[in-house]
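Secondary and tertiary structure notes
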Amino acid sequence: MTDFGIIGTGHLGSMLAEASIRRGAIEKERLWVSNRSQKKALRLAEELGVRAANNHEVAKRSDIIFLCVRPMDLEEVISEIHEHLTPDKLVVSMAMDFPLSRIQGLCQARTARAIPSIASSKGLGVTLLVLSDDASEDDRSQLFRLFRAIGWPVEVTEEQLDVLSDLTSCGPAYICALLREFALEASRRDGKIDRGQAEKLIRKTLIGTAALLEDMSFDELIFMVATEGGITEEGIRVIKAHSQELFRSLFLATSARHRQVKDGIGDLKG
Ligand SMILES: NC(=O)c1ccc[n+]([C@@H]2O[C@H](COP(=O)([O-])OP(=O)(O)OC[C@H]3O[C@@H](n4cnc5c(N)ncnc54)[C@H](OP(=O)(O)O)[C@@H]3O)[C@@H](O)[C@H]2O)c1
C-alpha cells in the first residue's frame, strides 16, 4: 500500500488533500499532512481524518510526497527533509518555475512536477505532469490514477510548462477576468442593466457553454451561434480584431514574471 504526504497545506495543498480524500483517490489513514503554521494541517486532520504531523514525519512515512509550498520556500523544505528523500521515494513538486534538475540536485528521491488547477477541487481540473527520467512506470500510473480522480492529467515536457500552465492553471482566473469586463461593459451600456445581474447571467451562460464544449470544438460552437449576417458575427469580428494583441501582451507579461521567479530561485544558495 502506498502512503502519501502533502507538505504545505495552503490553497493548493488543502485542495489536493480534500479532493483526493472526498473522491476516494487516497484513503484517509494513508495521507500525512504538514504545514509551517500547524493549524492548517490540524484543520485538515479534524475535517478529513488525515494524519497531521511535522515535515520530517510526513517525509519519513510517505512513499509519494507532494511539496505544495511556494517556489521560494521549496529549497529550504527539501533541505529540511533531505535525509528521508531516498531513491525509494517519489517527490512531486507543485511549485511553478522550480526546475526538476534543481530538485534532483537537492535529493536522492525520484522526482516529478505536477501543476493542477483550482478546478480540480470540483474534480474537473487539468493537471500538467512532468516526470523525470528516473521516475518509474509505476510512478506514472500512480500519478495518473490520483489526478484522474480530480480531473484530467496530461503529461507534458518541462519546456512546455510555462505556457501551458497559463492556459490550465491561470486559465480559470483569466476566463473570469475577461467575463467580468464583459459584464461590466454590459452594465455601462445605458444604465438599464445591473452589474450583478449581468455577471449572474454570464456565469450561467458559461456553465452551459462549458457543458456544450464537452463534445464540441470552439469553431463548431461559434458556427452554431454566429449565423451569417447576424449579430453574433459582428461581435466575433471585433473579438478577432482585438484579442491577438491582448493575449500577446498577456504571454509577454507572464513569461517576464516566470523569468523573474526563476532568477530569484537561481539566486538562492545551493
Ligand atoms: N494556487 C494555485 O492554484 C496553484 C496552481 C498551480 C501551482 N501552484 C503552486 O503551488 C504552490 C503553493 O501555492 P499556494 O497557492 O497553495 O500557496 P499558499 O496558499 O501560500 O500555500 C503555501 C503553504 O506552504 C506552507 N509552507 C511554507 N513554508 C513551509 C515549510 N517550511 N514547511 C511546511 N509548510 C510550509 C505555508 O504555510 P504558512 O501557513 O505558515 O504560510 C502555506 O500554507 C506554489 O509553489 C505554486 O506555484 C499553485
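Everything here concerns the structure above.
A quick note: this is a predicted structure, and the numbers were derived from the prediction, not measured.

About the cut-offs
- Residues numbered from 1 in each chain as written.
- Predicted model: local features only at pLDDT ≥ 70, side-chain atom pairs only at ≥ 80, totals over all residues.
- Heavy atoms only, no water.
- Pairing = 2+ DSSP bridges.
- Helix = DSSP H or I, 4+ residues; strand = E, 2+ residues; numbered from the N terminus.
- Salt bridge = Lys/Arg side-chain N within 4 Å of Asp/Glu carboxyl O.
- Buried < 20%, exposed > 50% of the residue type's maximum accessible area, 1.4 Å probe, protein only.
- Near = heavy atom within 4 Å.
- Polar contact = N/O pair within 3.5 Å; in protein donor to acceptor, adjacent residues only side chain to side chain.
- Areas by Shrake-Rupley, 256 points an atom, 1.4 Å probe, with all protein chains shown as cover.
- Patch = residues over 30% accessible without salt bridge, like charges linked within 9 Å, V, L, I, M, F, W, Y side chains within 5 Å.
- Lys, Arg positive; Asp, Glu negative; His and termini not counted.
- Charge placed at Lys NZ, Arg CZ, Asp CG, Glu CD.
- Right-handed = clockwise from strand over helix to strand, strands pointing away.

It is worth spelling out the pairing of strand β8 (residues 151–155) at this point. A regular strand places its side chains so that they alternate between the two faces of the sheet. Where strand β7 (residues 125–131) lies against β8, five bridges are found, and the strand directions are parallel. Across the sheet, the residue bridging to Val 126 is Trp 152, located in β8.

This brings us to the pattern of salt bridges. Within the structure shown, the criterion is met by 18 salt bridges. Ionic pairing is found between Arg 140 and Glu 155, a salt bridge with its closest N-O pair at 2.8 Å. In this pair, Arg 140 is assigned in helix α6 (residues 137–148) and Glu 155 in strand β8, connecting sequence segments 15 residues apart. In this structure Arg 140 comes out as partly exposed when scored by relative accessible area, which is 24%. As a salt-bridge pair, Glu 199 and Arg 203 come within 3.9 Å of each other at their nearest N and O atoms. One end of the pair is Glu 199 and the other is Arg 203, both in helix α9 (residues 195–212) and four residues apart, which spans about a single turn. On the basis of relative accessibility, which here comes to 33%, the residue Glu 199 falls in the partly exposed class. Through salt bridges with shared partners, a single ionic network connects Glu 18, Arg 43 and Glu 47.

Time to look at the site of the ligand. Taken together, 23 residues are adjacent to the ligand, and Leu 12, Asn 35, Ser 37, Lys 40 and Val 69 come closest. In this structure, His 11 approaches the ligand through a side-chain N or O atom, which is 2.9 Å from an oxygen atom. Compared with its free state, where it exposes 900 Å², the ligand has 83% of that area covered by protein. Looking at the shell around the ligand, the elements with two or more residues in it are α1 (11–22) and α4 (71–81). With three residues, the top contributor of residues to the shell around the ligand is α4.

What follows deals with a positive patch on the surface. Residues Arg 36, Lys 39, Lys 40 and Arg 70 make up a contiguous surface patch of positive charge. Within the secondary structure, Arg 70 is located in the loop between β4 (64–67) and α4.

Turning our eyes to something else, we now look at the pairing of strand β5 (residues 90–93). Burial of β5 is two-sided: the residues Leu 90 and Val 92 facing one way and the residues Val 91 and Ser 93 facing the other way are all buried. Bridging between β4 and β5 involves four bridges; their strand directions are parallel. Opposite Leu 67, over in β5, you have Ser 93 as the bridge partner. Of the crossover connections in this fold, the one passing from β4 over α4 to the parallel β5 is right-handed. Pairing between β5 and strand β6 (residues 110–115): four bridges, direction parallel. Looking across to β6, one finds that Ser 93 is bridged to Arg 113. The parallel pair β5 and β6 is bridged by helix α5 (residues 100–106), and the resulting crossover is right-handed.

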